[in-house]
Amino acid sequence: MKSLIAFKLATVGLIALSATAASFAPPLKVVATTPDLASIAREIGGKAVDVTALAKPTEDPHYVDAKPSHIVTLNRADVLIEGGAELELGWLPPLLENSRNAKIAAGAPGRVVASQGVKLLEIPTTFDRSKGDVHSLGNPHFLIDPVNVKIIAGSIADHFAQVDPKDAALYRANLAAFNAKVDAKLAEWQKQLAPFKGAPIVTYHKDFVYLGERFKLRIIETLEPKPGIAPSPAHIAQVIGAMKASNAKVILVQPYQNRRTAETVARQTGAVVLDIPQQPGARKDTPTYFQMMDYMVASLSAALGGK
Ligand SMILES: [Zn+2]
């Protein structure tokens, strides 16, 4: 309470100065682990933030190539936004330890964990990383559900306002505009995918589960037997059988997944392999989250409609 009063007094005292001070203040240095989180952070932060993503849009978010430059970037960050739910377990912890930056330590206002507040799907009943499953806390690929993105945007705006109170009104206004845009786009995307309700789909990794839930598409199989485990001949034979039985005609892949395996399965089932990157910037014409989703929905509806 004491600090809140002190904060309020400080705010009152600074009101006269804030307009001038804000225009000269350097932007908040924001680091996001992946480009999708970076894109949302840019929408919420606008001119008050300078956002960097650690992972490249074509990199597997579970296995990012950690570089010394990442340590420097993290050392200078005011805010870190991570996906959480162990998405970055394989590469982020050592980078963070070496960056020695208290501002982005766990629990600090400068640390945003996107998975907090999101209802995770596929939470295993037993906790077991031993078989190589990289989704041992539940499925961490929740950003392709726009409803989750609104939750995460709210959390980002809260943290930005805590770390940088002088721009709190800007963050709130940007959040409101962002949420309105998500609502409008979601209605559009739902309309586009409505004719394909229940359509069977196969993916390489369990990374389209939240899209399936939101838009009522049926993900019947994955080429990986478990998240993070390479396809085996026995498992592929099972997938081919399931695809033939359900007449599945689409296999979705990411830039970092083994396209050749997907093509082999496609040849044997008469399916098409669709490259639908989940990261903004993986394609030159989809640099933002909204453009990435527009492309995803348009490609899916074209493929499922047989165009
Ligand atoms: Zn995964």
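Up top is the structure these notes are about.
Residues numbered from 1 in each chain as written. Predicted model: local features only at pLDDT ≥ 70, side-chain atom pairs only at ≥ 80, totals over all residues. Heavy atoms only, no water.

**Q** Explain the environment of Pro225 to me, and be specific about the residues and the numbers.
**A** By the element assignment, Pro225 lies in the loop between strand E6 (218–222) and helix H8 (233–246). A C-alpha to C-alpha distance of 9.6 Å links Pro225 and Asp133, two positions 92 residues apart in sequence. Each residue touching Pro225, except ones within four places of it in the same chain, is listed here: Ala230, Pro231 and His235. (Helix = DSSP H or I, 4+ residues; strand = E, 2+ residues; numbered from the N terminus. Contact = heavy atoms within 4.5 Å.)

**Q** Requested: an account of the coordination of the zinc ion, with residues and values cited.
**A** In the first shell of the zinc ion, the protein supplies His62 (NE2), His135 (NE2), His141 (NE2) and His205 (NE2), at 1.9 to 2.0 Å from the metal. Each of the 4 donor atoms bound to the zinc ion contributes to angles spanning 106 to 118°, and the resulting shape is tetrahedral. Sequence spacing of the donor residues for the zinc ion, all on one chain, is H-x72-H-x5-H-x63-H. Highlighted residues: His62 in the loop between strand E2 (49–53) and helix H3 (68–75) and His135 in the loop between strand E4 (111–113) and helix H5 (146–163), separated in sequence by 73 residues. The residues His62 and His135 share a single accessibility class, namely buried. (Donors = N, O, S within 2.8 Å, 3.2 Å for Na, K, Ca; no water. Tetrahedral: all angles 85-135°; square planar, octahedral: opposite > 155°, others 65-115°. Buried < 20%, exposed > 50% of the residue type's maximum accessible area, 1.4 Å probe, protein only.)

**Q** How would you explain the sheet that holds strand E7 (residues 250–253) if you had to name every residue and give the values?
**A** Judged by pairing direction, the sheet is parallel, and its 4 strands sit side by side in the order E6-E5-E7-E8 without closing on themselves. The sheet is open, and its two borders are formed by E6 and strand E8 (272–275), each paired with just one other strand. Strand-to-strand twist across the sheet, computed as the mean angle between neighbouring axes with direction ignored, equals 35°. Both strand E5 (residues 200–203) and E7 contribute to a ladder of 2 bridges, which runs parallel. Following the sheet pairing, Val202 is matched in E7 by Ile251. Strands E5, E7 and E8 of the sheet are contacted by helix H10 (residues 289–304), whose axis makes an angle of about 170° with E8. (Pairing = 2+ DSSP bridges. Axes fitted to C-alpha atoms, helices over the stretch in contact; angles between N-to-C directions.)

**Q** Quick rundown of the pattern of salt bridges? Include the residues and the values.
**A** Under the criterion given, the structure shown has 12 salt bridges. The salt bridge partner of Lys103 is Asp78, with a shortest N-O separation of 2.8 Å. Linking Lys103 in the loop between helix H4 (92–99) and E4 with Asp78 in the loop between H3 and strand E3 (79–82), this pair joins segments that are 25 residues apart in sequence. By relative accessible area, which is 45% here, Lys103 ends up partly exposed. Judged by its relative accessible area of 14%, Asp78 falls in the buried class. The salt bridge involving Lys150 is made with Asp183; its shortest N-O contact spans 2.6 Å. You can see Lys150 sitting in helix H5 and its partner Asp183 sitting in helix H6 (residues 168–193), a full 33 residues away along the chain. Exposure remark for Asp183: the relative accessible area of 40% places this residue in the partly exposed category. (Salt bridge = Lys/Arg side-chain N within 4 Å of Asp/Glu carboxyl O.)

**Q** Outline the sheet that holds E2, listing residues and values.
**A** Pairing in this open sheet of 4 strands is parallel, and the strands run E2-E1-E3-E4 from one edge to the other. With one partner strand each, in any of the chains shown, E2 and E4 form the two edges of the open sheet. For this sheet, the mean angle separating the axes of adjacent strands, direction not counted, is 20°. In the sheet, strand E1 (residues 28–32) pairs with E3 via 3 bridges, with the strands oriented parallel. Residue pairing across strands places Val31 opposite Leu80, the latter belonging to E3. The strands touched by helix H2 (residues 35–45) within the sheet are E1, E2 and E3, with E2 carrying the most contacts at an inclination of about 175°.

**Q** How would you summarise the pairing of E7 if you had to cite specific residues and measurements?
**A** Burial along E7 is two-sided: Val250 and Leu252 facing one way and Ile251 and Val253 facing the other are all buried. Here E7 runs beside E8; their pairing, made up of 4 bridges, is parallel. Bridge pairing in E8 places Val250 opposite Val272.

**Q** Lay out H4 in plain terms, naming residues and giving numbers.
**A** Residues spaced three or four apart along an α-helix face the same direction, because each turn holds 3.6 residues. Every buried residue of H4 is listed here: Leu92, Leu95, Leu96 and Ser99. In an axial view of H4, the angular spread of the buried residues amounts to 100°, which keeps them on one side of the axis. Summarising the contacts, the buried residues of H4 are in contact with H3, E3 and E4. Backbone geometry just downstream of H4 places Arg100 in the positive-phi region, at approximately 45°. (Arc of directions from axis to C-beta.)

**Q** So what's going on with the packing of aromatic side chains? Residues and values would help.
**A** Two aromatic rings, taken as a pair, are described by how far apart their centres are and by the angle between their planes. A complete count under the given rule lists 4 aromatic pairs for this structure. Seen in terms of ring centroids, Phe178 and Phe290 are 5.5 Å apart; in terms of plane orientation they differ by 55°. Their pairing is tilted. Pair noted here: Phe178 is in helix H6 and Phe290 is in helix H10, with a separation of 112 residues, a long-range link. The buried category is assigned to Phe178, whose relative accessible area is 3%. Judged by relative accessible area, which is 4%, Phe290 ranks as buried. Members of the aromatic cluster, each reached through a chain of ring pairs, are Phe178, Tyr289 and Phe290. (Phe/Tyr/Trp six-rings, centres within 6.5 Å; stacked < 30°, edge-to-face > 60°.)

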